[in-house]
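# What the coordinates show
Read off the chains here:
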Amino acid sequence: MASLLAGRNLAPLDDAQKRRAYNTFTGFDNTIAVRFEENSSTRFHVVPPGDGQDEYGEIVFSSDLYQGNNVANANSTLSMPAACAHELAHYYRWRDMRELNGAHLRHLDEALTSLEAAQRFGAQLSPAEVQQLIADAAERLRLHIQEGNN
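Everything quoted here is computed from the prediction, not taken from an experiment.

A tally of helices and strands in the chain yields 4 helices and 3 strands. The order of α-helices and β-strands along the chain, N terminus first, is α-β-β-β-α-α-α. Along the first, second and third principal axes, the C-alpha set of the chain runs to 45 × 35 × 30 Å. Once local pairs closer than 6 in sequence are excluded, the contacts in the chain between residues at least 24 apart make up 67%. Here the chain has roughly 7,800 Å² of accessible surface; of this, 52% comes from carbon and sulfur atoms. Once the 13 positive and 20 negative side-chain charges of the chain are each reduced to a mean point, those two points are 4 Å apart.

Here the focus is the sheet that holds strand β3 (residues 56-61). Taken in spatial order, the 3 strands of this open sheet run β1-β3-β2, and their pairing is mixed. Among the strands making up the open sheet, the edge pair consists of β1 (33-36) and β2 (43-47). Pairwise comparison of adjacent strand axes, ignoring direction, gives a mean angle of 30° for this sheet. Here β2 runs beside β3; their pairing, made up of 5 bridges, is antiparallel. Directly across from R43, in β3, lies its bridge partner V60. Those strands touched by helix α2 (residues 80-95) are β2 and β3, and its axis lies near 35° from that of β2.

Position of S63 among the secondary structure elements: in the loop between β3 and α2. S63 gets classed as buried once you look at its relative accessible area, which sits at 11%. Here S63 is in contact with N9, L10, A11, L13 and F36, once residues within four sequence places are set aside.

Moving on: the environment of R20. Residue position: R20 is located in helix α1 (residues 15-28). For the pair R20 and T42, spaced 22 residues apart in sequence, the C-alpha separation works out to 15 Å.

As a further point, take the packing of helix α3 (residues 106-121) against helix α4 (residues 127-146). Two numbers describe how α3 lies on α4: the axes approach to 8 Å, and their chain directions differ by 165°. The pairing of α3 with α4 is recorded here as roughly antiparallel in orientation. Where α3 crosses over α4, the handedness of that crossing is left-handed. On the side of α3, the interface is formed by H107, L108, E110, A111, S114, L115, A117 and A118, while α4 contributes V130, L133, I134, D136, A137, R140, L141, L143 and H144. Each residue belonging to the contact of α3 with α4 can be placed in one class, and the counts come to 11 nonpolar, 3 polar and 3 charged.

Looking now at the side chain of D29. Relative to the elements of secondary structure, D29 occurs in the loop between α1 and β1. Notably, D29 is buried but unbridged: the nearest opposite-charge side chain belongs to R95, and the N-O separation is 5.9 Å. Polar side-chain contacts of D29 include one of 2.2 Å to the side chain of Y92.

Criteria and cut-off values
Sequence order sets the numbering: in each chain, residues are counted from 1 along the sequence as written. Local features in a predicted model are, by the rule used here, given only for residues with pLDDT of at least 70; side-chain atom pairs are given and counted only at 80 or more, and totals for whole chains, interfaces and linings are based on all residues. Excluded from the side-chain calculations are hydrogens and water; all other atoms, namely the structure's heavy atoms, are used. Under the scheme used here, helices are H or I runs from DSSP no shorter than 4 residues and strands are E runs no shorter than 2 residues, and both carry numbers assigned from the N terminus. Working rule for contacts: check all heavy atoms of both residues, and any pair within 4.5 Å makes them a contact. The accessible surface values rely on the Shrake-Rupley method and a 1.4 Å probe; as for residues, cover is taken only from the protein chains in view. As used throughout, the charge tally considers Lys and Arg to be positive and Asp and Glu to be negative, leaving His and the chain termini uncounted. In this description, the location of a charge corresponds to atom NZ of lysine, CZ of arginine, CG of aspartate or CD of glutamate. A pair of strands is labelled paired if DSSP reports no fewer than 2 bridges between them. Here, axes are lines fitted to C-alpha atoms. For helices the fit covers the stretch in contact, and angles between N-to-C directions go from 0 to 180 degrees. Three exposure classes are used, based on accessible area relative to the maximum for each residue type with a 1.4 Å probe and protein chains only: buried under 20%, partly exposed in between, and exposed over 50%. For classification purposes, angles smaller than 35 degrees are called roughly parallel, those larger than 145 roughly antiparallel, those between 65 and 115 roughly perpendicular, and all remaining angles oblique. The sense of a crossing depends on the near helix, which, turned anticlockwise from the far helix by less than a right angle, makes the crossing left-handed and, turned clockwise, makes it right-handed. When residues are grouped by polarity, Ala, Val, Leu, Ile, Met, Phe, Trp, Tyr, Cys and Pro land in nonpolar, Asp, Glu, Lys and Arg in charged, and all others, Gly among them, in polar. Whenever Lys or Arg places a side-chain nitrogen within 4 Å of a carboxyl oxygen from Asp or Glu, that contact is recorded as a salt bridge. For the purposes of these results, a polar contact is taken to be a pair of N or O atoms within 3.5 Å, where, inside protein, one atom must be able to donate a hydrogen and its partner to accept one; residues adjacent in sequence count only when each atom of the pair is a side-chain atom.

Below is the structure:
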């Protein structure tokens with residue numbers, strides 16, 4: 001399931017943008033599987049075991065990794081590095097068995113993920129990007145309450 005909300009970039013990425021995104025992910029942590037998938041949604045997911053390989057976490061990214069034009073939506077304005085940090089935080093929450101499961105907890109889990117990304121990668125992000133992640137967390141908490149999950 002995509003962790004970025006609507007309003008993000010929809011324009012196809014050129015090779016330089018794909019390379020920049022991949023380099024950003026690996027600059028934060030080069031041990032996590034990352035790949036580009038055209039016409040997809042950026043997301044962290046777990047690849048099930050098979051062919052003698054254990055399950056592992058993977059980040060798939062697409063054009064929505066880059067920010068959109070909707071300045072009224074905190075998630076839409078997350079910079080590409082902030083969005084990378086968010087997806088990587090999903091990996092750590094999964095690895096450490098701290099993710100919240102269930103559709104009714106989705107926005108709460110996303111809020112916690114953005115806060116963890118701000119804390120974990122704060123030294124590598126600009127102060128504005130840390131603020132973007134905190135604003136995204138606040139928006140996710142608002143959505144959680146709006147859906148009656150209080």
